[in-house]
Amino acid sequence: MAHWTSAVGSAQLSRLLNSQQDRPAGPGTRRPPAYRALADGIRLLVLEGRVPVAARLPAERELALSLSVSRTTVAAAYEALRAEGFLESRRGAGSWTAVPAGNPLPARGLEPLPPEALGSMIDLGCAALPAPEPWLTRAVQGALEELPPYAHTHGDYPAGLPALRAMIAERYTARGIPTMPEQIMVTTGAMGAIDAICHLFAGRGERVAVESPSYANILQLMREAGARLVPVAMAEGLSGWDLDRWRQVLRDAAPRIAYVVADFHNPTGALADEDQRRRLVDAARSAGTVLVADETMSELWFDEDVAAAGMPRPVCGFDPAGSTVITVGSASKAFWAGMRIGWVRAAPDVIRSLVAARAYADLGTPVLEQLAVNWLFSTGGWAQAVGLRRSQARENRDDLVAAVRRELPDWEFEVPGGGLTLWVRAGGLSGSRLAEAGERVGVRVPSGPRFGVDGAFEGYLRLPFTVGGAVADEAAARLAAAARLVESGGTAGSAESPRTFVA
């Protein structure tokens, strides 16, 4: 019986390996042998989850042809990986990826570190802040006071609590987007919303257009749902979408749905203006593509000019008929990641279809958490909590930007006016190798390829606005130490043990 559960083709593996570009070696720097470089490249892909564990690798001859290297080089690389525990082989079954005994399985997405690991490791992998107290406690207390009448019911509300649906609809109406409760479904976070949308609109094998880069966990969700991802490159810097590229992709690929983040895009921080939003909705309507607009970051603006002028109109504001745009919102980014409440705004017939399909998924969203969010919305607690969140994230952004500029002056980025992430070009170094080296010096950071399709953005990292002050200084110092390790070709044995850091 085969020990592998999936397979990686030679062309795909070649693309992933060729994306791993390092800075050219300087004088006196020794390049590793070709087999060692190949083994390191495959090991990095496994550690980052971009090649799954238990994936069958191409035969030696096949991979050698694809990479234009000798079969001896591939054989030596495979042998090195077997010796290190990253490859297993069996005659007649081939070779498949593995992880050494005692190593955790690599994550395909961006999971937060367990709390017990935070003493020695600074976690820059998860773009989420602690709860904005005292508002979490007050919201839960308010929810408990409202709970008794619901406790006498079955507790199943597939579309969400009527009171919360009405409140969310009212909030859209107040933003100039007339909305009825029948256009709202409450979900278990934004991920639950997008998962439901993908299952309804994009069956296995359907094309889905995505920004490139885009949010790593959503990309992985779509891959596992069997979608064929069609990347559309973002414009340079913070200027948002490249509309010429979007029109071409929508016309030529005819994707069933397109997923976009118009408000402080994750990971770049770009904010699409109203003209871009209008033109993208028009292009999607012409192509017959359903546009899924993720607005989970829309309230996390920092700069005074945004406060004075106001945010651009929501993407759904350019779709008055409601036939093209489905909007996803959430309390998890603006309030707290532990508050797993999201919602979908769409045409009533779409909401009815989503609700009907829910009978075969999660049935509904926890009542107590819905009551807590409804309490925040109805008492003004939400506005005060989000104001606190903006202040925290703005201070963290400023501290992190200053620390990175001081410790790593060669790294390039543009400072966004909101959101939770900084998209950084890492001075010509491999983001994958920086992420691996970072684990050894005590800072966890996601590399750029997690946010792309098929190995794109190898030279980038995403840094979240989740640490500030002395912790931001220490995080930048550890990133600088990781960069030095990568530049010197350091090995695991050459890294210093990270010291415990107490925030």
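The written sequence of each chain sets the order in which its residues are numbered from 1. Since the coordinates come from a predicted model, pLDDT governs what is reported: local features require at least 70, and pairs of side-chain atoms require 80 or more to be given and counted, while whole-chain, interface and lining totals use all residues. The side-chain quantities take in all heavy atoms of the structure and omit both hydrogens and water.

**Details of unusual backbone geometry**
Turning to step 1, where the next piece is worked out: Residue P213 is bonded to the preceding S212 through a cis peptide linkage, with omega at 10°.
Turning to step 2, where the next piece is worked out: The helix count covers DSSP runs of H or I at least four residues long, the strand count covers runs of E at least two residues long, and both are numbered beginning at the N terminus. Topologically, P213 is positioned in the loop between β7 (207-212) and α8 (216-224).
Turning to step 3, where the next piece is worked out: The peptide bond linking N266 to P267 adopts the cis configuration, its omega dihedral lying at 20°.
Turning to step 4, where the next piece is worked out: Along the polypeptide, P267 turns up in the loop between β9 (257-260) and α10 (274-287).
Turning to step 5, where the next piece is worked out: Within the chain, F264 stands out as a residue other than glycine whose phi angle is a positive 50°.
Turning to step 6, where the next piece is worked out: Inspection of the secondary structure puts F264 in the loop between β9 and α10.

**Details of the side chain of R43**
Turning to step 1, where the next piece is worked out: You can see R43 is positioned in helix α2 (residues 34-47).
Turning to step 2, where the next piece is worked out: Taking the relative accessible area as the measure of exposure, R43 reaches 15% and is therefore buried.
Turning to step 3, where the next piece is worked out: Distance and chemistry together define a polar contact, namely a pair of N or O atoms within 3.5 Å, with one atom able to donate a hydrogen and the other to accept it when in protein, and with adjacent residues in sequence counting only for side-chain atoms on both sides. A distance of 2.2 Å separates a polar atom in the side chain of R43 from a polar atom in the side chain of E436.
Turning to step 4, where the next piece is worked out: Here, residues are in contact when the closest pair of their heavy atoms is within 4.5 Å. Not counting residues up to four positions away in its chain, the partners in contact with R43 are L81, E84, F86 and E436. Any residue under 20% of the maximum accessible area for its type is buried, any over 50% is exposed, and the rest in between are partly exposed; the area is computed with a 1.4 Å probe on protein chains only.

**A closer look at a nonpolar patch on the surface**
Turning to step 1, where the next piece is worked out: Candidates for patches are residues over 30% relative accessible area with no salt bridge; among them, like charges are joined within 9 Å and nonpolar side chains (Val, Leu, Ile, Met, Phe, Trp, Tyr) within 5 Å. Only the protein chains shown count as covering a residue, and every accessible area follows the Shrake-Rupley method with a 1.4 Å probe. Should a side-chain nitrogen of Lys or Arg be within 4 Å of a carboxyl oxygen of Asp or Glu, the pair is scored as a salt bridge. Together, V140, L144 and L368 give the surface a local cluster of nonpolar side chains, amounting to about 220 Å² of exposed area.
Turning to step 2, where the next piece is worked out: Following the sequence through the fold, V140 ends up in helix α5 (residues 135-151).
Turning to step 3, where the next piece is worked out: With relative accessibility at 31%, the residue V140 sits in the partly exposed group.

**Points about helix α6 (residues 162-174)**
Turning to step 1, where the next piece is worked out: Over its 13 residues, α6 extends 18 Å from the first C-alpha to the last, a length consistent with the 18 Å expected when each residue adds 1.5 Å.
Turning to step 2, where the next piece is worked out: Listed as buried for α6 are L164, R165, M167, I168, A169 and Y172.
Turning to step 3, where the next piece is worked out: Just downstream of α6, G176 is the residue with a positive phi angle, here 90°. Expected span, for any helix, means 1.5 Å times one less than how many residues it has.

**Overview of the nonpolar core**
Turning to step 1, where the next piece is worked out: Nonpolar cores were defined as sets of buried Ala, Val, Leu, Ile, Met, Phe, Trp, Tyr and Cys residues, with membership established by side-chain atoms within 4.5 Å. In terms of nonpolar packing, the biggest core is built from 54 residues, with W241, W246, L291 and F335 touching the most fellow members.
Turning to step 2, where the next piece is worked out: In terms of residue count, helix α13 (residues 367-379) provides more of this core than any other element does, six residues in total.
Turning to step 3, where the next piece is worked out: Filtering out sequence-adjacent residues up to four positions away, L291 remains in contact with A258, V260, L280, V281, A284, V315, T324, V325 and I326.
Turning to step 4, where the next piece is worked out: By size, the runner-up hydrophobic cluster in this structure holds 40 residues, among which are F302, V401, L422 and A476.

**Focus: the pattern of salt bridges**
Turning to step 1, where the next piece is worked out: Per the counting criterion, the structure on display carries 21 salt bridges.
Turning to step 2, where the next piece is worked out: With a shortest N-O distance of 2.2 Å, E436 and R43 are connected by a salt bridge. Here R43 lies in helix α2 and E436 lies in helix α15 (residues 431-441), a separation of 393 residues in the sequence.
Turning to step 3, where the next piece is worked out: Between R171 and E299 there is a salt bridge, with its nearest N and O atoms 3.2 Å apart.

**Looking at the confidence of the model for the protein chain**
Turning to step 1, where the next piece is worked out: What pLDDT conveys is the predictor's confidence in a given residue, as a value from 0 to 100. On average, residues of the protein chain carry a pLDDT of 88, and 89% of them reach 70 or more.
Turning to step 2, where the next piece is worked out: The weakest mean pLDDT in the protein chain belongs to helix α11 (residues 304-309) at 70; the strongest belongs to strand β10 (residues 290-294) at 98.
Turning to step 3, where the next piece is worked out: Note that residues 491-503 has pLDDT below 50 and, in this model, 25 contacts with residues that lie over four places away or in other chains.

**Notes on α2**
Turning to step 1, where the next piece is worked out: Here α2 contains 14 residues, and its C-alpha end-to-end distance of 20 Å stays within 8% of the 20 Å for a straight helix at 1.5 Å per residue.
Turning to step 2, where the next piece is worked out: Across the 14 residues of α2, 10 count as buried, placing the element largely inside the fold.
Turning to step 3, where the next piece is worked out: For α2, every residue scored as buried is listed here: R36, L38, A39, D40, G41, I42, R43, L44, L45 and V46.
Turning to step 4, where the next piece is worked out: Contact partners of the buried residues in α2: α1 (10-18), α3 (60-67), α4 (71-84), β4 (94-97) and α15.

**A word on the packing of aromatic side chains**
Turning to step 1, where the next piece is worked out: Any Phe, Tyr or Trp ring, taking Trp's six-membered ring, that has another such ring centre within 6.5 Å forms a pair; planes under 30 degrees apart are called stacked, those over 60 apart edge-to-face, and the others tilted. Applying the stated rule across the entire model yields nine aromatic pairs.
Turning to step 2, where the next piece is worked out: Summarising the aromatic geometry, the rings of Y150 and Y157 are spaced 6.2 Å apart at their centres and angled 75° between planes, so their arrangement reads as edge-to-face.
Turning to step 3, where the next piece is worked out: Each residue in the set F335, W343, F377 and W382 is aromatic and connected to the rest through ring pairs, giving one cluster.
Turning to step 4, where the next piece is worked out: Placement of a positive charge over a ring is assigned whenever Lys NZ or Arg CZ falls within 6 Å of the ring centre and within 35 degrees of the normal to the ring plane. When the ring centre of F318 is taken as reference, the NZ or CZ atom of R313 above it lies at 4.4 Å.

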